[in-house]
Amino acid sequence: MQKTVTVEMLAEFAAAWNRHDIEALMSFMSEDCVFETVAGPEAWGSRHTGRDAVRAAFAAAWQNFPDAQWRNGRHWVAGDRGVSESTFTGTAADGTRVEADMVDVFTFKDGKIQVKNAFRKQRPPLPAQA
């Protein structure tokens, strides 16, 4: 019997991001997972392939934005594809802040996330809070 991904699973995945829980995040990812980031030198951003590379790239989000949160999540699943919408917020080391709407487009395989392709609105950093 083929495992299927549900909206509830994507909500749990989002909650793991907000807890900064790398072990929980990786439990949702397939063995041959791929993460395509919001920024990078290529049209797709940067592509991280395989569990070790994806784990490191996921953890880098919290290194770059220690208070990172993905708020107002909404999730859809249609067969082997899915989407999560959210508003990303985070403060960089220099104090500047990001607040921008984003989506993750997913491809699923055997009940796991095989591809997480992230897109975020391009918005200038917000000034540091006093």
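One can find the structure itself at the top, above this paragraph.
A quick note: this is a predicted structure, and the numbers were derived from the prediction, not measured.

Basis of the calculations
- Within each chain, residues carry numbers counting from 1 in the order of the written sequence.
- Residues qualify for local features only when their pLDDT is at least 70, as the model is predicted, and side-chain atom pairs are given and counted only at 80 or more; totals for whole chains, interfaces and linings, by contrast, use all residues.
- By convention in this description, side-chain values take in all heavy atoms of the structure and omit both hydrogens and water.
- A helix here means a DSSP run of H or I that spans at least four residues, while a strand means a run of E at least two residues long, and both kinds are numbered starting from the N terminus.
- A 1.4 Å probe rolled over the protein chains alone gives each residue an accessible area, and that area as a share of the maximum for its type sets the label: buried under 20%, exposed over 50%, partly exposed in between.
- Contacts are assigned to residue pairs that have any heavy atoms within 4.5 Å of one another.
- Only strands that DSSP links by at least two bridges are regarded as paired with each other.
- Working convention: axes come from line fits to C-alpha atoms, limited for helices to the stretch in contact. Angles between N-to-C directions cover 0 to 180 degrees.

A. Here's a closer look at the environment of Gly82. Locating Gly82 in the fold gives a position in strand β4 (residues 81-91). The buried category is assigned to Gly82, whose relative accessible area is 5%. Separated by 77 residues in sequence, Gly82 and Val5 have C-alpha atoms that sit 8.6 Å apart. Those residues in contact with Gly82 that lie beyond four places of it in its chain are Trp76, Val77, Asp104, Val105, Phe106 and Phe108.

B. The pairing of strand β3 (residues 69-78), seen in detail. Sheet topology places β3 next to β4; eight bridges connect them, and they run antiparallel. Its bridge partner being in β4, Trp70 is matched across the sheet by Phe88. Hairpin connection from β3 to β4: two residues lie between these consecutive antiparallel strands, with Gly79 at a positive phi of about 65°.

C. Geometry of the sheet that holds strand β5 (residues 97-109). Taken in spatial order, the six strands make up an open sheet running β2-β1-β6-β5-β4-β3, and their pairing is mixed. For this open sheet the edge positions go to β2 (47-49) and β3, each flanked by a neighbour on one side alone. Along the sheet, successive strands turn relative to each other by an average axial angle of 15°, direction set aside. The strands touched by helix α1 (residues 7-19) within the sheet are β1 (29-36), β3, β4, β5 and β6 (112-120), with β3 carrying the most contacts at an inclination of about 160°. Together, β1, β2, β3, β4 and β6 form the strand contacts of helix α3 (residues 51-64), whose direction differs from that of β1 by roughly 50°.

D. Just unusual backbone geometry, in detail. Of note in this structure, Asn72 is not a glycine but carries a positive phi near 60°. Positive phi is not limited to glycine here, since Asp110 has a value of about 55°. Looking at where Asp110 falls in the secondary structure, it is placed in the loop between β5 and β6.

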